[in-house]
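Understanding the architecture of this molecule
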Amino acid sequence: MVNKIWQNVRTVHQKNPLVLNITNFVVMNTTANALLAIGASPLMSKAEDEMNELALISNALVVNMGTLDREWIEAMTLASSIFNELGKPWVLDPVGAGASKFRTVSARELLKNNPTVIRGNASEIIALAEANFSDSYGVDSKHQSRDAVEAGKKIAKQYHTVVCITGEVDYVISSTKMAMIKNGHKMMTRVTGLGCTSTALSGAFIGSNSNYFEAAVSAISLIGVVGELAEKQSKGPGTLQMNILDLLYSISEEAFTSNLKIDLHELP
Amino acid sequence: MVNKIWQNVRTVHQKNPLVLNITNFVVMNTTANALLAIGASPLMSKAEDEMNELALISNALVVNMGTLDREWIEAMTLASSIFNELGKPWVLDPVGAGASKFRTVSARELLKNNPTVIRGNASEIIALAEANFSDSYGVDSKHQSRDAVEAGKKIAKQYHTVVCITGEVDYVISSTKMAMIKNGHKMMTRVTGLGCTSTALSGAFIGSNSNYFEAAVSAISLIGVVGELAEKQSKGPGTLQMNILDLLYSISEEAFTSNLKIDLHELP
Amino acid sequence: MVNKIWQNVRTVHQKNPLVLNITNFVVMNTTANALLAIGASPLMSKAEDEMNELALISNALVVNMGTLDREWIEAMTLASSIFNELGKPWVLDPVGAGASKFRTVSARELLKNNPTVIRGNASEIIALAEANFSDSYGVDSKHQSRDAVEAGKKIAKQYHTVVCITGEVDYVISSTKMAMIKNGHKMMTRVTGLGCTSTALSGAFIGSNSNYFEAAVSAISLIGVVGELAEKQSKGPGTLQMNILDLLYSISEEAFTSNLKIDLHELP
């Protein structure tokens with residue numbers, strides 16, 4: 001598996017997938033840079049006037065609900081329905097689902113367009129799985145990621161999707177398999193948008209590999225290993241963000257494969 | 001006072017206040033990172049559909065007029081009125097007040113919702129205090145901060161608020177007290193949004209300390225000392241921004257208290 | 001020419017031009033920082049309510065179509081028409097022209113307001129020159145910059161403007177002259193928005209020098225040399241972005257003039 005994941009990392013560099021992003025204002029710059037660093041091409045637009053044309057030339061779509069309002073949710077709905085109809089992959093980041101009714105409802109509506117991958121923290125995944133509100137502490141997670149595994153399995157089965165729950169341990173769940181990734185570092189929670197970066201990278205991987213479970217596992221593995229190694233060279237969250245971009249660009253096979261801590265399970 | 005200020009810095013780390021930000025596109029990423037670095041949790045939304053719910057879970061609100069338009073001013077007005085009614089603290093950054101009628105009028109309207117703290121440069125504070133326009137050099141200040149002290153005192157008394165005027169010397173003014181902080185470095189004016197960062201940090205401090213004068217003094221002191229120390233390790237504004245985030249995260253009590261240059265006055 | 005270009009770099013520091021930017025969400029922070037680093041003052045607003053007042057106090061306008069929608073294109077049209085009427089210089093970055101009908105049409109409409117400078121990659125300049133679509137690979141260029149030189153000459157003549165085509169070699173073209181600049185480094189394509197940074201810097205230079213060809217040549221030369229030197233100190237795109245900001249702020253005359261590789265031609 002580890003070698004296959006590394007192959008997927010190389011494939012992104014070779015295929016240079018074009019990733020359309022409808023994402024939040026806070027992370028647009030850093031997620032565009034993360035996509036460029038791994039060899040993908042980011043494109044950021046929410047304009048309905050060009051959505052059909054952009055969908056045709058793009059390899060994947062990233063929908064991130066971070067700075068949501070009605071205008072943006074309309075763009076997200078339109079874009080994801082186009083990708084769904086075209087049979088092109090897309091990833092949903094239900095930022096803040098559970099923190100407000102507006103977000104929970106919006107995330108559930110987007111689910112109807114069959115996201116290929118969903119990436120969230122434990123609270124968001126739990127909120128998506130519950131019919132009603134979960135309390136939430138802003139956009140951070142106060143649940144441990146393992147608390148959301150059952151919710152993730154339920155969503156993965158019901159929506160035929162891949163669910164990534166990131167946290168101290170990261171879980172990637174399909175209807176038949178589950179990967180647990182134990183990389184990363186606590187300081188990463190002090191850099192804004194590294195969860196959104198996982199989501200964006202997932203877009204690049206599903207845009208260049210049609211085995212979506214493997215693609216999502218590869219994206220989450222990459223940011224986990226890179227974040228962990230970057231932290232060792234960092235004095236704080238400022239240098240950490242910078243070193244993560246450098247390492248996404250330059251990490252070697254040896255550094256990646258020898259540091260990845262992953263377990264793979266078949267699900268019953 | 002210096003030890004009390006350091007205690008307030010520690011309190012933010014311990015209480016982990018949730019700070020709702022309606023701020024400008026230019027600084028969303030860097031101010032979210034600054035809030036995370038000091039131990040607060042940023043939340044960025046302007047959606048009217050969720051404002052009541054987000055206000056209930058947040059500890060403070062930051063309103064920053066940087067990239068203003070009608071839609072945003074409506075969101076700022078709604079959010080600040082909710083915080084005002086809930087008796088929760090909020091901070092106003094009247095970016096560019098005085099540079100256009102639209103901004104001056106918008107800032108004055110927001111004043112009606114009783115900001116707990118106002119943070120601006122000298123031109124902005126003067127424009128707020130004057131009934132008519134002051135000329136302005138964009139969003140930078142061409143006035144010295146001391147030129148705005150009388151304007152600041154007037155606003156602090158009239159609106160029962162705390163006014164922070166940042167510049168070569170920083171002034172924090174309540175109706176009964178004034179602090180002068182002589183930290184910082186000129187290179188900080190070559191990094192975009194460090195004024196907005198002062199404002200955002202003020203939000204975290206008033207969200208975790210109900211002595212709002214002391215909270216504002218602590219926020220302005222922290223960014224001043226951190227900026228000054230960060231500059232010593234920086235080759236230019238790129239490294240300066242990064243080192244500021246690192247030091248907001250890691251500054252020691254010894255480094256902070258031995259470098260803070262502050263004077264405190266009772267006002268007549 | 002090289003000494004004159006360096007003089008123009010110094011002039012920006014001395015005149016401190018105020019540059020109004022209507023630009024995309026992805027690069028607002030980094031282009032504001034680039035403008036500050038070279039000694040200019042950025043101002044970011046799209047509010048129609050203040051556009052007349054801001055135009056009066058600004059020295060130049062930057063219009064960048066990166067994250068376009070109808071609301072933004074209206075603001076860009078209004079602002080550029082005001083600058084055109086005032087006889088103040090403005091620069092157009094037709095991001096993604098050719099990638100969608102919406103972008104191509106929008107860019108052509110903006111041309112009617114007589115941009116002083118147009119800065120794009122080869123695909124964008126070709127799309128502008130063609131009456132119909134060119135295929136396009138997102139917002140990256142798949143054409144070489146030299147492929148667009150004839151298109152650039154046509155636009156420069158027809159619209160009495162200066163056209164900058166950036167790529168492996170940069171071309172700056174007026175109706176009578178052409179400069180070729182052979183600086184920069186491939187890693188710069190892995191940092192988002194460095195093309196937008198060239199555009200923003202062009203705004204600062206035309207805002208402080210009425211010889212617009214020379215101003216554009218100076219801006220493109222500066223980012224090229226700075227990017228090339230910054231790459232030598234960088235481990236990846238994260239450090240590269242930071243080092244570029246540092247060097248825009250601190251580059252010496254000696255480092256600049258000895259590294260600039262420029263050829264100047266009279267056009268027939």
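A quick note: this is a predicted structure, and the numbers were derived from the prediction, not measured.

Some details on the interface of chain A and chain B
Facing 32 residues of chain A, the contacting portion of chain B comprises 35 residues. Overall, the association of chain A and chain B removes approximately 2500 Å² of surface from exposure, summing both partners, and the carbon and sulfur fraction of that is 54%. In this assembly, chain A and chain B are joined by 3 salt bridges. Put simply, Lys46(B) and Asp69(A) hold a salt bridge, and the shortest N to O gap is 2.8 Å. On inspection of chain A and its partner chain B, the count reaches 13 residue pairs in polar contact (both at pLDDT 80 or more). The set of elements that each furnish at least two residues to the side of chain A that touches chain B consists of helix H4 (70-86), helix H5 (101-111) and helix H10 (237-250) of chain A.

Some words on the interface of chain C and chain B
Across the contact, 34 residues belong to chain C and 32 residues belong to chain B. Around 2500 Å² of area is buried between chain C and chain B when both sides are counted, 54% of it from carbon and sulfur atoms. On the chain C side of the contact with chain B, Leu36(C), Asp49(C) and Tyr249(C) bury the most area, a combined 21% of that side's loss. Viewed at the interface, chain B and chain C are joined by 3 salt bridges. Inspection of the region where chain C meets chain B yields 13 residue pairs in polar contact (both at pLDDT 80 or more). Contributing elements (two or more residues each) for the side of chain C that touches chain B: helix H2 (28-37), strand S2 (41-44), helix H3 (51-57), helix H4 (70-86) and helix H10 (237-250) of chain C. In terms of residue class, the side of chain C that touches chain B is made up of 18 nonpolar, 9 polar and 7 charged.

A look at the sheet that holds strand S2 (residues 41-44) of chain A
All names here are of chain A. Sheet architecture is open: 9 strands sit in the order S2-S1-S3-S4-S5-S6-S7-S8-S9, paired in mixed fashion. On the outer flanks of this sheet lie S2 and strand S9 (262-266), each paired with one strand and no other. The mean angle between the axes of side-by-side strands here comes to 15°, regardless of whether they run parallel or antiparallel. As defined by bridge partners, strand S1 (residues 18-22) adjoins S2 across 4 bridges and the pair is classed as parallel. From the neighbouring strand, Leu20 faces S2, where its bridge partner is Leu43. Sheet strands in contact with H5 are strand S3 (60-64), strand S4 (90-93) and strand S5 (117-120), and its direction is about 165° off that of S4.

A short note on the packing of aromatic side chains
Taken as a whole and assessed by the stated rule, the structure comprises 12 aromatic pairs over all chains. Judged by centre distance (6.5 Å) and plane angle (50°), the ring pair of Phe25(A) and Trp72(B) falls under tilted. Of this pair, Phe25(A) sits in the loop between S1 and helix H2 (28-37) while Trp72(B) is found in helix H4 (residues 70-86), placing the two residues in two different chains. Among the residues examined, Trp72(B) registers a relative accessible area of 8% and is labelled buried. Lys46(C) extends its terminal NZ or CZ atom over the ring of Trp72(C), reaching a point 5.2 Å from the ring centre.

Focus on the nonpolar core
Met76(A), Met76(B) and Met76(C) are the most contacted members of the largest nonpolar core, which has 154 residues in total. The biggest single contributor to this core is H4(C), with 7 residues. Discounting chain neighbours no more than four positions away, the residues touching Met76(B) are Ile22(B), Val63(B), Asn64(B), Met65(B), Leu68(B) and Leu110(B). In this structure, Val12(A), Ala179(A), Leu222(A) and Leu247(A) belong to the second largest nonpolar core, which totals 50 residues.

Overview of unusual backbone geometry
One can expect most non-glycine residues to show negative phi and most peptide bonds to be in trans. The phi dihedral of Asn16(A) falls on the positive side, at around 50°, and the residue is not glycine. Along the polypeptide, Asn16(A) turns up in the loop between helix H1 (2-15) and S1. Although it is not a glycine, Asn114(C) sits at a positive phi angle of roughly 55°. As for its placement among the helices and strands, Asn114(C) is situated in the loop between helix H5 (101-111) and strand S5 (117-120). Look at Asn114(C) and you get partly exposed, because its relative accessible area is 38%.

Each value, and the rule that gives it
Residues numbered from 1 in each chain as written. Chains lettered and ligands numbered in written order. Predicted model: local features only at pLDDT ≥ 70, side-chain atom pairs only at ≥ 80, totals over all residues. Heavy atoms only, no water. Contact = heavy atoms within 4.5 Å. Buried area = accessible area lost by both parts, 1.4 Å probe. Salt bridge = Lys/Arg side-chain N within 4 Å of Asp/Glu carboxyl O. Polar contact = N/O pair within 3.5 Å; in protein donor to acceptor, adjacent residues only side chain to side chain. Helix = DSSP H or I, 4+ residues; strand = E, 2+ residues; numbered from the N terminus. Nonpolar A, V, L, I, M, F, W, Y, C, P; charged D, E, K, R; others polar. Pairing = 2+ DSSP bridges. Axes fitted to C-alpha atoms, helices over the stretch in contact; angles between N-to-C directions. Phe/Tyr/Trp six-rings, centres within 6.5 Å; stacked < 30°, edge-to-face > 60°. Buried < 20%, exposed > 50% of the residue type's maximum accessible area, 1.4 Å probe, protein only. Lys NZ or Arg CZ within 6 Å of the ring centre and 35° of its normal. Core = buried A, V, L, I, M, F, W, Y, C linked by side-chain atoms within 4.5 Å.

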